[in-house]
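Coordinate analysis (summary)
The residues making up each chain are set out below.
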4 protein chains.
Amino acid sequence: MEEIKCIGILTSGGDAPGMNAAIRAVTRAAIFNGLKVKGIYRGYKGLYTNEIEDFKTENVSNIIQRGGTILKTARCKEFMTPEGRKVAYDNMVKAGIDALIIIGGDGSLTGARIFAQEYGVTCIGLPGTIDNDLYGTDTTIGYDTALNTIMECVDKIRDTATSHERLFFVEVMGRDAGFLALNGAIASGAEAAIIPEFSTEFDQLEDFIKNGFRKSKNSSIVLVAESELTGGAMHYAERVKNEYPQYDVRVTILGHLQRGGSPTANDRILASRLGVASIEALMEGQRNVMVGVQNDKVVYVPFSKAIKNDKPIDRDLVGVLRELSI
Amino acid sequence: MEEIKCIGILTSGGDAPGMNAAIRAVTRAAIFNGLKVKGIYRGYKGLYTNEIEDFKTENVSNIIQRGGTILKTARCKEFMTPEGRKVAYDNMVKAGIDALIIIGGDGSLTGARIFAQEYGVTCIGLPGTIDNDLYGTDTTIGYDTALNTIMECVDKIRDTATSHERLFFVEVMGRDAGFLALNGAIASGAEAAIIPEFSTEFDQLEDFIKNGFRKSKNSSIVLVAESELTGGAMHYAERVKNEYPQYDVRVTILGHLQRGGSPTANDRILASRLGVASIEALMEGQRNVMVGVQNDKVVYVPFSKAIKNDKPIDRDLVGVLRELSI
Amino acid sequence: MEEIKCIGILTSGGDAPGMNAAIRAVTRAAIFNGLKVKGIYRGYKGLYTNEIEDFKTENVSNIIQRGGTILKTARCKEFMTPEGRKVAYDNMVKAGIDALIIIGGDGSLTGARIFAQEYGVTCIGLPGTIDNDLYGTDTTIGYDTALNTIMECVDKIRDTATSHERLFFVEVMGRDAGFLALNGAIASGAEAAIIPEFSTEFDQLEDFIKNGFRKSKNSSIVLVAESELTGGAMHYAERVKNEYPQYDVRVTILGHLQRGGSPTANDRILASRLGVASIEALMEGQRNVMVGVQNDKVVYVPFSKAIKNDKPIDRDLVGVLRELSI
Amino acid sequence: MEEIKCIGILTSGGDAPGMNAAIRAVTRAAIFNGLKVKGIYRGYKGLYTNEIEDFKTENVSNIIQRGGTILKTARCKEFMTPEGRKVAYDNMVKAGIDALIIIGGDGSLTGARIFAQEYGVTCIGLPGTIDNDLYGTDTTIGYDTALNTIMECVDKIRDTATSHERLFFVEVMGRDAGFLALNGAIASGAEAAIIPEFSTEFDQLEDFIKNGFRKSKNSSIVLVAESELTGGAMHYAERVKNEYPQYDVRVTILGHLQRGGSPTANDRILASRLGVASIEALMEGQRNVMVGVQNDKVVYVPFSKAIKNDKPIDRDLVGVLRELSI
């Protein structure tokens with residue numbers, strides 16, 4: 001393996017708060033360790049269209065607190081074809097890039113894995129997604145911020161939800177993972193969460209109506225994970241109208257605002273630690289791993305493991321939610 | 001007119017941030033001036049069901065910063081009938097209440113007006129609504145907070161809206177008034193607002209597409225006032241899909257979270273000033289007026305004027321929005 | 001008077017939230033109206049050191065929500081001398097700038113006035129200061145944000161201040177004006193404010209102890225305006241230790257964090273309106289005026305008036321604060 | 001050991017955000033499991049003065065999001081004497097309380113330990129302190145919120161700190177532990193942290209000036225942990241004035257606002273989990289342990305361990321901070 005002198009950095013997939021903190025950390029740690037840095041715009045698309053720029057310390061000044069990603073992100077159909085990846089590889093070589101740091105979720109790491117296999121490119125992944133659905137890391141960059149955003153929104157909804165015997169369904173993101181819905185429900189004092197992990201096990205609405213929606217409460221808030229498996233908040237609102245017409249139902253779909261906002265301390269610290277660790281990993285000769293965190297220690301997770309496995313949800317939390325919603 | 005020794009206070013209609021600050025101000029100003037105070041729960045319903053409590057200084061401690069209303073609010077069908085109002089009046093007399101302070105919007109003041117006419121009850125109204133749609137006051141309690149909530153949500157949406165040539169329609173409240181949508185658009189740097197005031201004048205979507213949605217921009221955000229006159233955000237998203245299929249469209253409906261949250265400084269100060277002024281108004285012998293603010297001075301507005309007139313929107317702001325969205 | 005084809009824009013003095021929103025509005029309104037725009041860095045210093053850049057629409061993209069000023073601000077001793085202003089003027093002519101838009105406070109407008117008199121330069125001022133101490137405008141860009149920042153800080157302090165009979169002095173900015181302290185006290189539910197406007201009239205601490213600090217309260221919070229006239233929070237803490245040793249005293253000096261943060265809706269809307277209005281003023285042939293707002297209408301105020309006069313504080317607010325702190 | 005039928009709950013020591021979430025969780029989990037609950041006001045003082053109240057589910061409604069503690073907290077000199085503890089014990093027996101749940105820091109758990117030893121009282125502790133200085137738990141209730149508060153304050157300070165070559169010292173809490181200062185510095189993108197853990201090892205100011213304060217930066221922010229070991233921010237500002245007079249120095253002492261504010265998602269979830277776990281611990285026959293969390297699992301830590309041991313700081317974070325402040 002040749003020595004690495006220059007890295008390229010890109011963000012890919014859905015954007016997540018803390019991606020800028022990660023870009024900053026990767027860039028500065030690389031420069032601190034004597035490497036050159038190239039910023040690649042719009043994810044893999046920028047590799048294909050050759051949107052590549054020199055990055056200095058100043059390029060990442062004053063961005064740690066900003067949501068979104070200064071490198072932007074985009075889908076790239078061309079990168080899904082061998083021809084497209086050839087163009088991307090040629091551009092990368094031309095730019096003098098010896099290794100790639102990819103910040104993104106499941107799909108982004110899958111892209112990195114294929115690219116690495118085809119061209120022997122050294123890739124290091126950082127888990128950047130609000131959904132927290134990557135195996136091998138306890139948490140992902142953006143998750144804590146999205147969780148707090150959801151909580152603050154539900155706090156506001158609860159302010160106004162104390163007059164009638166109303167049932168609010170609040171739909172949150174999660175892409176087939178219930179982390180945001182379940183933890184968001186506990187954090188906001190909601191009465192229940194409906195999550196994809198349980199969708200085949202039992203009827204979560206019926207369970208909630210039986211156990212949770214009590215007459216002693218003025219109002220109830222249920223968080224629903226956006227997922228084909230749950231059907232989403234509108235589905236449950238329809239069901240209530242049909243099956244429990246005595247309840248006054250409201251729906252709020254939080255939508256894209258969950259992706260934005262200034263990152264929390266946890267997300268910035270995680271991004272900073274993982275950014276520094278990604279450069280250490282490169283210097284140690286690691287390749288084709290995601291740098292994650294387990295039990296507060298940095299770990300390297302092979303792409304194949306991070307992508308292929310489902311991350312289990314802590315079922316004890318369901319018990320916590322139930323005890324506290326009485 | 002007899003001397004007033006005891007007031008009753010209630011919040012009615014949709015809740016608004018700052019209602020608690022108003023309850024606190026009315027209560028303390030009344031006690032400061034030697035009056036007794038009774039808190040009436042759930043708006044006019046509490047008068048009907050006799051949910052009335054003595055209020056001391058301590059009842060309103062540490063509530064200035066809280067969203068919602070500690071007195072709660074509810075609809076009351078019974079109060080819409082002469083028989084219901086008779087019951088309410090009897091309860092009021094029984095409780096020793098000489099005058100009512102009503103915090104609420106259009107419908108709440110209409111109720112106060114009828115009640116005052118039928119029973120000669122002394123009523124003072126405070127404008128409490130996020131919609132800012134009461135005539136005779138420059139601003140209403142709750143409006144500034146809702147405006148900031150909308151702005152913060154759109155800030156987050158914009159964080160994530162910079163990668164594709166996307167068109168976001170964000171639906172905000174307003175109840176047939178465009179204040180939140182138009183000012184929210186200026187404050188958040190959105191590209192346009194679609195508001196009910198203009199719905200019969202011209203096609204606001206067509207106007208925006210022609211003038212505002214430029215290819216040089218990565219993304220555009222349009223705020224749409226929730227209203228039958230506009231049709232709401234979904235209506236425009238549908239139209240774009242049919243008429244301008246080249247654009248990638250997304251919709252977010254902010255919903256009930258706009259009603260909640262800790263009030264801003266402006267809303268707390270307004271509520272405090274108007275609360276104090278409502279007691280002054282009573283002591284001066286005023287009755288059946290809404291206490292509002294015009295050009296930063298407290299004014300008394302007869303109920304009939306506050307309710308019946310439409311508050312005009314400042315059309316210059318449309319020009320400001322257009323110049324700034326280039 | 002020659003036609004104006006190119007404007008220069010600068011921010012000067014203490015920075016204030018909303019300055020970026022103003023820079024954005026001035027730039028876009030100018031371009032919308034066919035003018036060229038040059039950004040001048042570090043206030044008058046950038047005129048002297050020739051730090052001047054072409055500004056396009058893109059230079060001000062995505063800055064409306066950011067605190068501070070992208071044009072930065074600095075003190076410039078050289079601009080206080082005739083020789084320095086000569087250099088500045090020559091640079092301005094060389095850059096093709098026909099008129100200056102200055103965003104800043106008292107000192108900044110004084111500089112503009114002298115410069116305009118000496119060289120016949122067309123200057124338009126925008127009131128940018130958190131202190132709200134400019135005459136001729138009801139409010140200044142940055143004031144509403146600072147007021148909300150103070151309120152949120154005091155909300156937090158109050159969370160923790162309920163156990164002991166403690167007296168907290170919280171020092172806020174204001175530069176010899178009590179707007180932030182007095183309105184901040186009302187907004188945060190503090191018990192009193194000590195402001196420079198009253199410092200020669202009566203002993204505000206004694207007045208507060210007599211009227212406001214009651215045994216029935218667990219804790220009291222007093223906002224103190226930073227000023228030589230008041231002596232600041234530490235001065236009052238010392239006095240309490242000596243004169244009222246029975247009270248347990250704490251001091252918090254909020255300091256520079258009051259200058260930062262994302263601007264509120266009000267500050268962004270004000271900055272947007274005034275920015276657009278400053279270009280209109282130029283096109284109408286106005287010069288050497290500050291563009292302000294009175295009774296929600298844009299007004300032009302001659303520099304001499306804006307600078308020389310003291311803006312009076314609304315004394316009714318003191319009564320509001322007193323009634324509500326019982 | 002007798003069966004436990006009724007628990008008493010109290011908060012003690014410095015208050016911390018999330019204490020209310022813990023009170024709610026303990027109360028509801030106890031009721032869910034068939035226990036009675038008594039709320040004890042003002043910490044151990046309320047045991048001594050017999051300020052004890054029945055707690056139902058409704059007593060803890062709508063408090064999860066509130067800072068401070070509804071049970072209040074106070075110092076109690078009497079509880080430090082055997083006579084005082086005798087009175088407290090008698091009151092506890094009279095109220096029918098079989099076990100105590102204590103939410104607090106080091107000193108509070110020490111009190112619990114002594115009380116448990118003397119009277120055989122069953123005590124369970126929950127770690128509630130912003131300082132994160134309890135051994136045996138990865139994090140404490142309140143720490144995450146304080147960390148985010150510090151970060152948001154420094155974000156605002158940085159907004160205004162970009163014009164001059166200024167050195168800001170920002171003093172944060174920590175009570176002889178550097179967690180808040182070090183992690184706060186990483187999260188806010190500050191240039192350095194001065195913490196008590198290193199105070200005897202090397203001169204942290206000199207180290208920073210040599211390594212971190214570079215001419216290429218417009219401004220530098222250093223977080224200083226409040227501690228006799230560091231001397232605090234003022235001490236370093238004095239030193240800079242004497243030893244490095246070329247730098248323009250500013251100081252901000254964040255003070256009590258770090259203790260307040262609505263708790264973050266993490267603090268609410270932690271408090272909820274530990275609250276539920278404390279009742280489980282009781283039901284399992286545990287006593288005189290602190291319920292903490294290690295590697296995201298609930299653990300029981302004997303009081304003696306939690307109190308007596310110093311919790312080590314992760315020294316790798318110092319490296320992260322150094323690499324990122326270039």
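Scroll up a little and you will see the structure.
A few words now on the environment of methionine 151 of chain D. Here methionine 151 of chain D is to be found in helix α5 (residues 143-159). Through-space distance from the C-alpha of methionine 151 of chain D to that of alanine 22 of chain D is 24 Å; in sequence the pair is 129 residues apart. The residues touching methionine 151 of chain D, leaving out its near neighbours within four places in the chain, are Pro263, Thr264, Ala265 and Arg268 of chain A together with Ala187 and Ser188 of chain D.

Listed as interface residues are 42 residues of chain D and, on the opposing side, 42 residues of chain A. Broken down residue by residue, the surface that chain D buries against chain A is led by Glu323, Leu324 and Ile326 of chain D, which jointly contribute 19%. At the boundary of chain D and chain A, one finds two salt bridges. We note a salt bridge from arginine 268 of chain D to aspartate 155 of chain A, for which the minimum N-O separation is 2.7 Å. Counting across the interface, chain D meets chain A through 16 residue pairs in polar contact (both at pLDDT 80 or more). The set of elements that each furnish at least two residues to the side of chain D that touches chain A consists of α1 (19-32), α5, α6 (179-188), α9 (265-283) and α11 (316-324) of chain D. Of the residues assigned to the side of chain D that touches chain A, the class counts are 17 nonpolar, 14 polar and 11 charged.

Where like charges cluster on the molecular surface, the negative patch consists of Glu152 of chain A, Glu152 of chain B, Glu152 of chain C together with Glu152 of chain D. For glutamate 152 of chain C, the position within the fold is in helix α5 (residues 143-159). With a relative accessible area of 40%, glutamate 152 of chain C lands in the partly exposed category.

As a further point, take the sheet that holds strand β3 (residues 52-54) of chain B. Residue and element names in this part refer to chain B. With respect to topology, seven strands assemble into an open sheet ordered β3-β2-β1-β4-β5-β10-β11, the strand pairing being mixed. Pairing within the sheet leaves two strands with one partner each, and these edge strands are β3 and β11 (297-302). Taken over all neighbouring pairs, the strand axes of this sheet differ in orientation by 30 degrees on average, direction set aside. Sheet analysis places strand β1 (residues 6-11) next to strand β4 (residues 99-104), joined by five bridges and oriented parallel. Considered in β4, the bridge of isoleucine 9 is made with isoleucine 101. Across the face of the sheet, helix α4 (residues 106-119) comes into contact with β4, β5 (122-127) and β10 (289-294) while running at roughly 160 degrees to β4.

Our next topic: the interface of chain C and chain D. For an interface, size is often stated in terms of accessible area lost upon the parts coming together. Across the contact, 30 residues belong to chain C and 30 residues belong to chain D. Considering only the surface of chain C that becomes buried against chain D, Lys156, His256 and Leu257 of chain C emerge as the three largest contributors, covering 27% of it. Seen at the junction of chain C and chain D, the total is zero salt bridges. Of all the secondary-structure elements, those providing two or more residues to the side of chain C that touches chain D are α5, β6 (166-172) and β9 (248-253) of chain C. For the side of chain C that touches chain D, the leading source of residues is α5 of chain C, giving six residues. Of the residues assigned to the side of chain C that touches chain D, the class counts are seven nonpolar, 13 polar and 10 charged.

For arginine 259 of chain A, the position within the fold is in the loop between β9 (248-253) and α9 (265-283). No salt bridge forms around the buried arginine 259 of chain A; measuring N to O, its nearest opposite-charge neighbour aspartate 15 of chain A is 4.5 Å away. In this structure, arginine 259 of chain A is in contact with Gly14, Asp15, Ala16, Pro17, Ile130 and Met173 of chain A together with Thr160 of chain B, ignoring residues within four places of it in sequence.

Here we come to the relation of the copies chain C and chain D. Both copies of the chain are related by a screw-like operation: a rotation about an axis and a shift along it. The operation relating chain C to chain D is a screw motion whose rotation component is 180 degrees, with 0.0 Å of axial translation and a residual RMSD of 0.0 Å. On this basis, the relationship between the two copies can be described by a two-fold rotation axis. A share of 100% of the interface residues of chain C reappears at the interface of chain D, consistent with the copies meeting face to face through the same patch.

For the rest of this paragraph, the subject is the packing of helix α11 (residues 316-324) of chain A against α1 of chain D. Where α11 of chain A contacts α1 of chain D, the axes come no closer than 8 Å and their chain directions differ by 85 degrees. Considering the angle they form, α11 of chain A stands roughly perpendicular to α1 of chain D. Residues Arg322, Glu323 and Leu324 of chain A of α11 of chain A form the contact with α1 of chain D, whose own contacting residues are Arg24, Ala25, Arg28, Ala29 and Phe32 of chain D. The residue makeup of the contact of α11 of chain A with α1 of chain D, split by class, is four nonpolar, no polar and four charged.

For the rest of this paragraph, the subject is the packing of aromatic side chains. Taken as a whole, this structure holds 32 aromatic pairs over all chains when the rule is applied. Judged by centre distance (4.5 Å) and plane angle (15 degrees), the ring pair of tyrosine 89 of chain D and tyrosine 119 of chain D falls under stacked. Placement of the pair is tyrosine 89 of chain D in helix α3 (residues 82-94) and tyrosine 119 of chain D in helix α4 (residues 106-119), with a sequence separation of 30 residues. Judged by relative accessible area, tyrosine 89 of chain D falls into the partly exposed class, the value being 24%. The class of tyrosine 119 of chain D is partly exposed, set by a relative accessible area of 24%. One aromatic cluster is present, built from ring pairs that chain together Tyr44, Phe79, Tyr89, Phe115 and Tyr119 of chain A. One cation-aromatic arrangement involves lysine 311 of chain B over phenylalanine 179 of chain B; the distance from NZ or CZ to the ring centre is 5.5 Å.

Attention now goes to the sheet that holds strand β4 (residues 99-104) of chain D. Residues and elements named next belong to chain D. Spatial strand order, β3-β2-β1-β4-β5-β10-β11: seven strands in an open sheet with mixed pairing. In this open sheet, the two strands that pair with only one neighbour each are β3 (52-54) and β11 (297-302). Neighbour-to-neighbour, the strand axes of the sheet open up by a mean angle of 30 degrees, direction not taken into account. The pairing of strand β2 (residues 36-40) with β3 spans three bridges and is classified as antiparallel. Residue isoleucine 40 lies in a different strand from β3, and its bridge partner there is isoleucine 52. Along the sheet, α1 contacts β1 (6-11), β2, β4 and β5 (122-127); its crossing angle with β1, the most-contacted strand, is approximately 180 degrees. α9 contacts β1, β4, β5, β10 (289-294) and β11 of the sheet and is inclined by roughly 165 degrees relative to β5.

Cut-offs used in this document
Residues numbered from 1 in each chain as written. Chains lettered and ligands numbered in written order. Predicted model: local features only at pLDDT ≥ 70, side-chain atom pairs only at ≥ 80, totals over all residues. Heavy atoms only, no water. Helix = DSSP H or I, 4+ residues; strand = E, 2+ residues; numbered from the N terminus. Contact = heavy atoms within 4.5 Å. Buried area = accessible area lost by both parts, 1.4 Å probe. Salt bridge = Lys/Arg side-chain N within 4 Å of Asp/Glu carboxyl O. Polar contact = N/O pair within 3.5 Å; in protein donor to acceptor, adjacent residues only side chain to side chain. Nonpolar A, V, L, I, M, F, W, Y, C, P; charged D, E, K, R; others polar. Patch = residues over 30% accessible without salt bridge, like charges linked within 9 Å, V, L, I, M, F, W, Y side chains within 5 Å. Areas by Shrake-Rupley, 256 points an atom, 1.4 Å probe, with all protein chains shown as cover. Lys, Arg positive; Asp, Glu negative; His and termini not counted. Charge placed at Lys NZ, Arg CZ, Asp CG, Glu CD. Buried < 20%, exposed > 50% of the residue type's maximum accessible area, 1.4 Å probe, protein only. Pairing = 2+ DSSP bridges. Axes fitted to C-alpha atoms, helices over the stretch in contact; angles between N-to-C directions. Least-squares fit on C-alpha atoms with pLDDT ≥ 70 in both. Parallel < 35°, antiparallel > 145°, perpendicular 65-115°, else oblique. Phe/Tyr/Trp six-rings, centres within 6.5 Å; stacked < 30°, edge-to-face > 60°. Lys NZ or Arg CZ within 6 Å of the ring centre and 35° of its normal.

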